[in-house]
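Understanding the architecture of this molecule
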Amino acid sequence: MITAATLDPDTLHTRAQRFYAAQMQRLDERDIEGYAGTFTIDAEFSHTPGRPPSRTRAGIVEDLHEFHRRFADDPMQRRHWVGMIDLALAEDGSIGSTAYCLVVKVRPGQPPEFVSTVVHDVLVEINGKLFTRSRHVSYD
Amino acid sequence: MITAATLDPDTLHTRAQRFYAAQMQRLDERDIEGYAGTFTIDAEFSHTPGRPPSRTRAGIVEDLHEFHRRFADDPMQRRHWVGMIDLALAEDGSIGSTAYCLVVKVRPGQPPEFVSTVVHDVLVEINGKLFTRSRHVSYD
Amino acid sequence: MITAATLDPDTLHTRAQRFYAAQMQRLDERDIEGYAGTFTIDAEFSHTPGRPPSRTRAGIVEDLHEFHRRFADDPMQRRHWVGMIDLALAEDGSIGSTAYCLVVKVRPGQPPEFVSTVVHDVLVEINGKLFTRSRHVSYD
């Protein structure tokens, strides 16, 4: 197993950027299974205040399918921008990530709406690939 | 000729970020020749729905001069933010790039306006430098 | 002393991104001393038109404490997004940085407000760490 500890901080930062880009493009395309596949099998994901976190990859899939049904008739395109990523290597080899996430919501013919959030992630590297082990989103 | 295939994915990602920053800063300063110079000589550029793509570097220059004449009397500053870049190496050594591009439009004394787009690029590396060979912009 | 000249441009770009993320997260958390500590001891910082630049790290602390008192009763969360970073190595080993900075201002229950700026920095590397030696912010 390759651990993040073997990566230099600059390479790790770039890898996290690549990870977030691929992860969020899947979410924005409503590829829920693909998005959930970027989490570890036992991950925890808390994305909405007052809503209990979903657990396990299967639980995340179920939670997001339920969550997206609210938007089923809403022609809204979301774009999750993750940036200003600040990483901290933990002693167990996991990576704490605190990053800004600006959600752009676009409906046809209307100006975009924005939601400003901060993502608190724990990332782990398994066989040279990053995964989200836990995610907690706070809202400004 | 150095090809992108010789770069590791992390270095390539960073190089694409540097490329987009320099390219878009030129566009936003209305340095149209400088911007066109970041495309290959035979490039194709499709930036506006319903408007046929411009072809060749000279064609891009002509197209953008014509396009910017619309704004000649408009004291608008544009800022093209490219992010969430997802790259895929093609077998011919070119690089497919799918990236978010948020366009910020600022007029004096007014709140910024935003346009949310996705840039679908083919990048190529020539003599160690990146160029855009084709660009298609889709609008949310 | 390690100088930026010893870094390749890709590594330097990533290091600048990491620097800005950590620097701005401190500012947004109103950790003014921590933010000022990312400037050199003799730095110059000009952030608001018509306001004289603050000088020295101690001067930056004082200036920002005074500046933030205006917002003391304002439940506003700011998020400084720095991106589209374009770096140029100077002959003295310092690094010119021209980057976009989009400031997101969020107040409870209200849609975010935005300010579009460009940051003109001179960064220097001291003992392998980046610092801002001067910063001038222009507003779109």
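In what follows, the structure referred to is the one given above.
What you see is a predicted model; the values in this text were computed from it and never measured. (Residues numbered from 1 in each chain as written. Chains lettered and ligands numbered in written order. Predicted model: local features only at pLDDT ≥ 70, side-chain atom pairs only at ≥ 80, totals over all residues. Heavy atoms only, no water.)

Focus: the relation of the copies chain B and chain A
Note on the chain copies: they are related by a rotation about an axis and a translation along it. For the pair chain B and chain A, the best superposition has an RMSD of 0.0 Å and corresponds to a rotation of 120 degrees with a translation of 0.0 Å parallel to the axis. Both chain copies can therefore be described as sitting about a three-fold axis. When C-alpha distances to the rotation axis are compared across chain B, the minimum falls at Thr-14 of chain B, with a value of 4.0 Å. (Least-squares fit on C-alpha atoms with pLDDT ≥ 70 in both.)

Describing the interface of chain B and chain A
Residue-level contacts link 20 residues of chain B with 20 residues of chain A. Interface of chain B and chain A: buried area, both sides summed, is about 1700 Å²; carbon and sulfur atoms make up 62% of it. When the buried surface of chain B facing chain A is broken down by residue, Asp-10, Met-84 and Tyr-100 of chain B rank first, second and third, together holding 43% of it. Where chain B touches chain A, the interface holds 3 salt bridges. Where Asp-140 of chain B meets Arg-79 of chain A, a salt bridge forms, and the shortest distance between an N and an O atom there is 2.7 Å. At the boundary of chain B with chain A, the tally comes to 8 residue pairs in polar contact (both at pLDDT 80 or more). At the level of secondary structure, the elements contributing two or more residues to the side of chain B that touches chain A comprise helix 1 (9–28), strand 3 (77–89), strand 4 (95–106) and strand 5 (113–126) of chain B. It is strand 3 of chain B that provides the largest number of residues to the side of chain B that touches chain A, a total of 6 residues. A breakdown of the residues in the side of chain B that touches chain A according to their chemical character gives 11 nonpolar, 6 polar and 3 charged. (Contact = heavy atoms within 4.5 Å. Buried area = accessible area lost by both parts, 1.4 Å probe. Salt bridge = Lys/Arg side-chain N within 4 Å of Asp/Glu carboxyl O. Polar contact = N/O pair within 3.5 Å; in protein donor to acceptor, adjacent residues only side chain to side chain. Helix = DSSP H or I, 4+ residues; strand = E, 2+ residues; numbered from the N terminus. Nonpolar A, V, L, I, M, F, W, Y, C, P; charged D, E, K, R; others polar.)

Some thoughts on the pattern of salt bridges
Applying the stated criterion across every chain, the model contains 36 salt bridges over all chains. One salt bridge connects Arg-55 of chain B with Glu-44 of chain B, and the closest N-O pair in it is separated by 2.2 Å. Placement of the pair is Arg-55 of chain B in strand 2 (residues 54–55) and Glu-44 of chain B in strand 1 (residues 39–46), with a sequence separation of 11 residues. Here Asp-121 of chain C ties to Arg-135 of chain C by a salt bridge, and the two come within 2.7 Å at their closest N and O atoms. One end of the pair, Asp-121 of chain C, is in strand 5 (residues 113–126); the other, Arg-135 of chain C, is in strand 6 (residues 129–139), with 14 residues separating them in the sequence. For the pair formed by Asp-121 of chain C and Arg-135 of chain C, the shared burial category is buried. Salt bridges linked by common partners bring Asp-10 of chain A together with Arg-15, Arg-18 and Glu-125 of chain C together as one network. (Buried < 20%, exposed > 50% of the residue type's maximum accessible area, 1.4 Å probe, protein only.)

So, the packing of aromatic side chains
Enumeration according to the criterion identifies 21 aromatic pairs over all chains in this entry. Ring geometry for Phe-114 of chain A against Phe-114 of chain B: centres 4.6 Å apart, planes inclined by 65 degrees, an arrangement best described as edge-to-face. Here Phe-114 of chain A is found in strand 5 (residues 113–126), whereas its partner Phe-114 of chain B is found in strand 5 on a different chain. The class for Phe-114 of chain A is buried, based on a relative accessible area of 11%. Relative to Phe-39 of chain B, the ring of Tyr-35 of chain B has its centre 5.2 Å away and its plane inclined at 70 degrees; by these criteria the two rings are edge-to-face. Tyr-35 of chain B gets classed as buried once you look at its relative accessible area, which sits at 1%. (Phe/Tyr/Trp six-rings, centres within 6.5 Å; stacked < 30°, edge-to-face > 60°.)

So, the environment of Arg-107 of chain C
All names here are of chain C. Tracing the chain through its elements places Arg-107 in the loop between strand 4 (95–106) and strand 5. A residue is classified by how much of its surface remains accessible, and Arg-107, at 22% relative accessible area, is partly exposed. Remark: the alpha-carbon pair of Arg-107 and Met-76, spanning 31 residues in sequence, is separated by 4.7 Å. When residues no more than four places from it in sequence are discounted, the contact partners of Arg-107 are Asp-74, Pro-75, Met-76 and Glu-113. Side-chain polar atoms of Arg-107 contact the side chain of Asp-74, separated by 2.7 Å.

Thoughts on the sheet that holds strand 2 of chain B
The strand order across the open sheet built from 6 strands is 2-1-6-5-4-3 (chain B), with neighbouring strands paired in mixed fashion. Two strands bound the open sheet, and with one partner strand each, they are strand 2 and strand 3 of chain B. Of the strand pairs in this sheet, strand 3 of chain B and strand 4 of chain B are connected by 11 bridges, and their pairing is antiparallel. For Trp-81 of chain B, the partnering residue across the bridge sits in strand 4 of chain B and is Leu-102 of chain B. Helix 1 (residues 9–28) of chain A rests against strand 3 and strand 4 of chain B of the sheet, and its axis sits at about 100 degrees to strand 3 of chain B. (Pairing = 2+ DSSP bridges. Axes fitted to C-alpha atoms, helices over the stretch in contact; angles between N-to-C directions.)

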